[in-house]
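# Survey of secondary and tertiary structure
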Amino acid sequence: MNIEKFSDAIKYCRFCFMCRHLSGIGNVTFTEADTPRVRASMVYGATLRPETLTNEDLIRTMYRSDLSGACRRNCVHHFDEVGLTLAYRADIVNLGAAPEAIKAIAAELENWKDWTVSGSGKVVYVADQYSIDSGAAAAFGKLAGEFQTIQGGSCGKGLYVLGFHESAKKVAEKFVNVLSSTEAETIVVSNPAIYDMLVNTCPELGITVPGKVMHSTEFLAEVKCKPLGDIYYLESDFLRNYNDDYAAPKALLKANGANLHAFGTNDEESYSCAEGAVVLDKIEPALVEKLANYIAARADHPESDIIAVASPYTKVQLKKYTTLNVKTVEELLAEQL
Amino acid sequence: MIAERSSYMYEMIHTELIDALGAEFVNVRDVDRFGHSVDYYWIPEMWHDKGMETPKPDFVCHPSTTEEVAKVMKIANQYKIPVVPWGGGSGSQGGALPVYGGIIMDMKRMNKYYGVDKESMTVSCQTGIIAQHLEWNCNKEGFSTMHLPASISCATIGGFLAHRGTGVLSTKYGKIEDMVMSLEVVTPTGEIIRTLPVPRHASGPDLTMLFVGSEGTLGIITEVTLKVHPQPEKREFRAYIFKDFHTAMSAGAELMRSRLQPCAIRLYDETETKTHVRKVFGMDLDQGAYLVFGFDGYSDIVDCQMRYAREIMEKKYNGQDLGSKGGDLWWENKYKFFYPPYVFHVPQAYGTLDTVATFANIENVYHAMKKVVNENFPQARFIGHFSHWYEWGCMLYARFIFEKEDVPEDPREAAALYNRVWDLAIKAAIDNGGVINEHHGVGLKLGRFMKYLYGPAMPVLEKIKKELDPNHIMNPGKMGL
């Protein structure tokens, strides 16, 4: 069982309350079940009574975690309840117990259309659907020099977080093969989920990624635009909580005259609409709407604040459910060139 | 369980609760019921650890307004169903456990923040707000509640009010009961009342204090106004090592008698200094007792207070100065003790024998408890520190720890052993002038000692309970009521 690899999280998280305030879903559903403590407790219970591992309520709860990683980042010992949840999902899939709705989403992701390649150069930009829909990809085009683009396909991250690791590996291999075919030396992504896939998940799945991987904000570090002025910045879960406080987005904003304000009341909570869960908008869209409203309620001036995000996913969700003035970092720079 | 889930009575009650709150906010899923069946009390944790079934609520309700709380209370009275308020569920005394089933009133949806009144320096909110969220909101406005306990990340303000919680800066800013201005309460029979808007008056007994510390047995606190404070210009700590615990205690007591008004003092006995302080702070401490204290406020006033305090520590009690670095380490790591793996953990058996007493009695309480634990349970370790200091005395945070190999495999035997430690240690504390307890509350764990503690005064509490809660539905089985 994959969950056995997370015995520390099972042992320690199940009686620990110290990250309760950071439970993204728990803070909008208000239920104890949606907290690392209870998820770990329930998984522990299932290790004693294996027949309860596939309890319908438990499966639903484990599939609606926001996987923000805020708990792990702020834990003194960084116990990995996120890893435990992902491991549980993989076990459920391996047991053939994934709910039909989850299987349907997985099938859709597995049969996603192929990547197409265009452009030329030693740099390849990954234009996934969120990067296109958010405007990040178009803005990147205005800011970057010569580059190739691959677009239209899937990287396998969604399948991975749903627990379909074999399928994720197949899709990821196809993705990496396309990247290899470009012979690019540098791979640039706007979507932090794809960054995490290339940097962390692919090696875990035994896939070697060709070239250096960069978030677009690191690649654009030398761009200079007119001073950006007052900006609120929403952290990406994947960049902050999964990748050691990846600093490039804020550094780029500051280098371009942004007067950065802290969003909300603290720098511990996730304000990403469940970016870490990648496809929660397909599993439980009502929860993503609640998360978006939770964020909107914490804006200082919801109608006028300019809010920058490094995650195209977060922008798409906030635009869908709120009236916040959200822009990707790439868009802000492109507008002020 | 109030009725079999397959019975029509269960559905009748379920329907009424849904009418009151909406279907989304009346949970009956297995995971929700389980999530409210284990809190931070060792016995349910151990019970769960050993695969035993824990008592579960029938319904988990999430009201968003005081009126919704009142509606649920009226339904509960109609059907005589137990109602157990639940904040963060992080209590260590079993105070929020649904031991007789019924309704869990999870208050966390009542998390509205109404803002700071900057003229009066107060803040108002619903009581389901997690304390850290309230503190962050106040910080954003330039203020602090100064209620900063280790459980700030998980407990709600309502939880602190319900059991008289205490934060690390209690010595200067007080316990939660010192911070309260006024309350809104739903009584057990569903009436909504407000206590007087200020805490200092001569308009009869203090109704606010009737509900603070009542642990959900006399009603549900739904809104509160608390004092807030400006952020201090400076906060500085300093630590000392004394040759033994008695000398350190004398120095700390003298600091309190000096009325220099430190914001915090902690004193760790020799054993805890050698184990916990050393492990958590990474300090090389082999012997003696570690004492840390601090001051906050205007910079030059803090410097002055610190100068006088150092004279007491160094000249009168010959404390070895660990400097401000030794003190700051404590402040920076003050919550680290409570994170795993530092915090004690099942399958260990452990408990905090929280007791408070005057300076005249506190050392006797410490030695009496230590003696009774050491003599009756030689396999257990006994450690202690003194956490919350007041003008007249302080709180003893004594702990006993049994390692896994000394805890019976059978959960019933383990619970019996655990309860025996409490029986002997708490009676020793009370017999020596101690009061159980300073901030953890009574709950299920200590309810059986209430008669011993209160003596002839206990019937007064019982009569108040009977009058306010005629159907005995509010958090039954807790606080000895």
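Quick caveat: nothing in here was measured; it's all calculated off a predicted structure.

### Quick look at the overall build of chain B
- Check the secondary structure of chain B and you find 17 helices and 18 strands.
- The C-alpha atoms of chain B give a radius of gyration of 23 Å, which matches the 23 Å a tight globule of 481 residues would have.
- Structurally, chain B occupies a C-alpha span of about 75 × 60 × 40 Å along its principal axes.
- For chain B, the proportion of its 481 residues judged to be buried stands at 52%.
- Nonlocal contacts in chain B, meaning residues at least 24 apart in sequence, comprise 72% of its contacts between residues at least 6 apart.

### Quick word on the overall build of chain A
- Counting secondary structure elements, chain A contains 19 helices and nine strands.
- For chain A, the spread of C-alpha atoms along the principal axes amounts to about 60 × 45 × 35 Å.
- Counted over contacts in chain A with a minimum sequence separation of 6, partners at least 24 positions apart contribute 78%.

### Notes on the sheet that holds strand 14 (residues 289–297) of chain B
All names here are of chain B.
- Spatial strand order, 15-12-14-13-17-18-16: seven strands in an open sheet with antiparallel pairing. Two strands in the sheet have a free side with no partner beyond their single neighbour: strand 15 (320–322) and strand 16 (349–358). Taken over all neighbouring pairs, the strand axes of this sheet differ in orientation by 20° on average, direction set aside.
- By the bridge criterion, seven bridges tie strand 17 (residues 381–389) to strand 18 (residues 393–402) in an arrangement that is antiparallel. In the strand pairing of strand 18, Trp-389 is matched with Cys-394.
- Contacts between helix 12 (residues 299–316) and the sheet are confined to strand 12 (234–242), strand 14 and strand 15, with strand 14 contributing the most and set at about 155° to the helix.

### Some remarks on the interface of chain A and chain B
- At the interface, 27 residues of chain A touch 36 residues of chain B.
- At four residues, the largest contribution of residues to the side of chain A that touches chain B is made by helix 3 (residues 36–48) of chain A.
- When the residues that make up the side of chain A that touches chain B are grouped by side-chain class, the tally is 15 nonpolar, eight polar and four charged.

### Details of the domain arrangement of chain B
- According to the domain assignment, chain B consists of domain 1 (111–230), domain 2 (234–338) and domain 3 (349–445).
- Counted by class, the side of domain 1 of chain B that touches domain 2 of chain B contains three nonpolar, one polar and one charged residues.

### A short note on the domain arrangement of chain A
Residues and elements named next belong to chain A.
- Under the domain assignment used here, chain A contains domain 1 (2–98), domain 2 (111–219) and domain 3 (229–335).
- On a C-alpha basis, the centroid separation for the pair domain 1 and domain 3 is 25 Å.
- Contributing elements (two or more residues each) for the side of domain 1 that touches domain 3: helix 2 (26–29) and helix 5 (70–74).
- Here the side of domain 1 that touches domain 3 takes four residues from helix 5, the largest share from any one element.
- In terms of residue class, the side of domain 1 that touches domain 3 is made up of six nonpolar, six polar and four charged.

### With respect to the packing of helix 14 (residues 359–376) of chain B against helix 15 (residues 411–431) of chain B
All names here are of chain B.
- Helix 15 packs onto helix 14 with a crossing angle of 155° between their chain directions and a minimal axis gap of 8 Å. It follows from the interaxial angle that helix 14 and helix 15 lie roughly antiparallel. Helix-helix and strand crossings are classified by hand; for helix 14 and helix 15 the assignment is right-handed. Along the contact surface, helix 14 presents Val-365, Ala-368, Met-369, Val-372, Val-373 and Asn-376, while helix 15 presents Val-421, Leu-424, Ala-425, Ala-428 and Ala-429.
- Looking at the contact of helix 14 with helix 15, its residues break down into ten nonpolar, one polar and no charged.

### Some remarks on the nonpolar core
- Ranked by size, the top nonpolar core spans 259 residues in total, and within it B:Cys61, B:Val72, B:Met105, B:Leu291 and B:Met369 carry the most contacts.
- The greatest single-element share of this core, amounting to eight residues, is contributed by helix 6 (residues 81–94) of chain A.
- Ignoring any residue separated from it by four or fewer positions in sequence, one finds B:Leu291 in contact with B:Ala239, B:Tyr240, B:Phe242, B:Ala248, B:Ala251, B:Gly252 and B:Leu267.

### Considering the environment of B:Asp178
- Along the chain, the position of B:Asp178 falls in helix 8 (residues 176–179).
- On the basis of neighbour counts, which here come to 14 C-beta atoms within 10 Å, the residue B:Asp178 falls in the partly exposed class.

### Focus: the confidence of the model for chain B
- Averaged over every residue, the pLDDT of chain B is 95; the share at 70 or more is 99%.
- With a pTM of 0.96, the predicted complex shows an ipTM of 0.96.

### So, unusual backbone geometry
Residue and element names in this part refer to chain B.
- Between Pro-340 and the following residue, Pro-341, the backbone shows a cis peptide bond with an omega angle of 0°.
- Along the polypeptide, Pro-341 turns up in the loop between helix 13 (323–332) and strand 16.
- Going from Val-346 to Pro-347, the amide bond is cis rather than trans, its omega being 15°.
- Take Pro-347: it is sitting in the loop between helix 13 and strand 16.

### Digging into helix 3 of chain A
- Between its first and last C-alpha, helix 3 of chain A extends 19 Å over 13 residues, near the 18 Å set by a 1.5 Å rise per residue.
- Across the 13 residues of helix 3 of chain A, ten count as buried, placing the element largely inside the fold.
- Next to the buried residues of helix 3 of chain A lie helix 1 (7–13), helix 4 (56–62), helix 5 and helix 6 of chain A together with helix 2 (30–35) and helix 3 (42–49) of chain B.

### Observations concerning the packing of helix 3 of chain A against helix 6 of chain A
All names here are of chain A.
- Between helix 3 and helix 6, whose axes approach to 10 Å, the crossing angle comes to 45°. When the axis of helix 3 is compared with that of helix 6, the two are oblique. Relative to helix 6, the crossing made by helix 3 is left-handed. Within the contact between the two elements, helix 3 uses Pro-36, Arg-39, Ala-40 and Val-43 and helix 6 uses Glu-81, Leu-84, Thr-85 and Tyr-88.
- Counted by class, the contact of helix 3 with helix 6 contains five nonpolar, one polar and two charged residues.

### Overview of the environment of B:Leu468
- Tracing the sequence through the fold places B:Leu468 in helix 17 (residues 458–468).
- Placed 280 residues apart in sequence, B:Leu468 and B:Pro188 show a C-alpha to C-alpha distance of 6.4 Å.

### Quick word on the sheet that holds strand 4 (residues 103–106) of chain B
Residue and element names in this part refer to chain B.
- A sheet is described by the order of its strands in space; here four strands give the open sequence 1-2-4-3, paired in mixed fashion. Where the open sheet ends on each side, the last strands, each with one partner, are strand 1 (26–27) and strand 3 (83–86).
- In this sheet, strand 4 lies alongside strand 3 in parallel orientation, the contact comprising four bridges. Across the sheet, Trp-86 pairs through a bridge with Asp-106, a residue of strand 4.
- Where helix 4 (residues 66–79) meets the sheet, its contacts fall on strand 2 (59–61), strand 3 and strand 4, and the angle it forms with strand 4 comes to roughly 170°.

What counts as what
Residues numbered from 1 in each chain as written. Chains lettered and ligands numbered in written order. Predicted model: local features only at pLDDT ≥ 70, side-chain atom pairs only at ≥ 80, totals over all residues. Helix = DSSP H or I, 4+ residues; strand = E, 2+ residues; numbered from the N terminus. Rg over C-alpha atoms; globule rule 2.2 N^0.38 Å. Buried ≥ 20, exposed ≤ 12 C-beta atoms within 10 Å, placed from the backbone. Contact = placed C-beta atoms within 7 Å. Pairing = 2+ DSSP bridges. Axes fitted to C-alpha atoms, helices over the stretch in contact; angles between N-to-C directions. Nonpolar A, V, L, I, M, F, W, Y, C, P; charged D, E, K, R; others polar. Domains from an automatic or database assignment. Parallel < 35°, antiparallel > 145°, perpendicular 65-115°, else oblique. Left-handed = near helix turned anticlockwise from the far one by under 90°. Core = buried A, V, L, I, M, F, W, Y, C linked by C-beta atoms within 7 Å. pLDDT = per-residue confidence, 0-100. Expected span 1.5 Å × (residues − 1).

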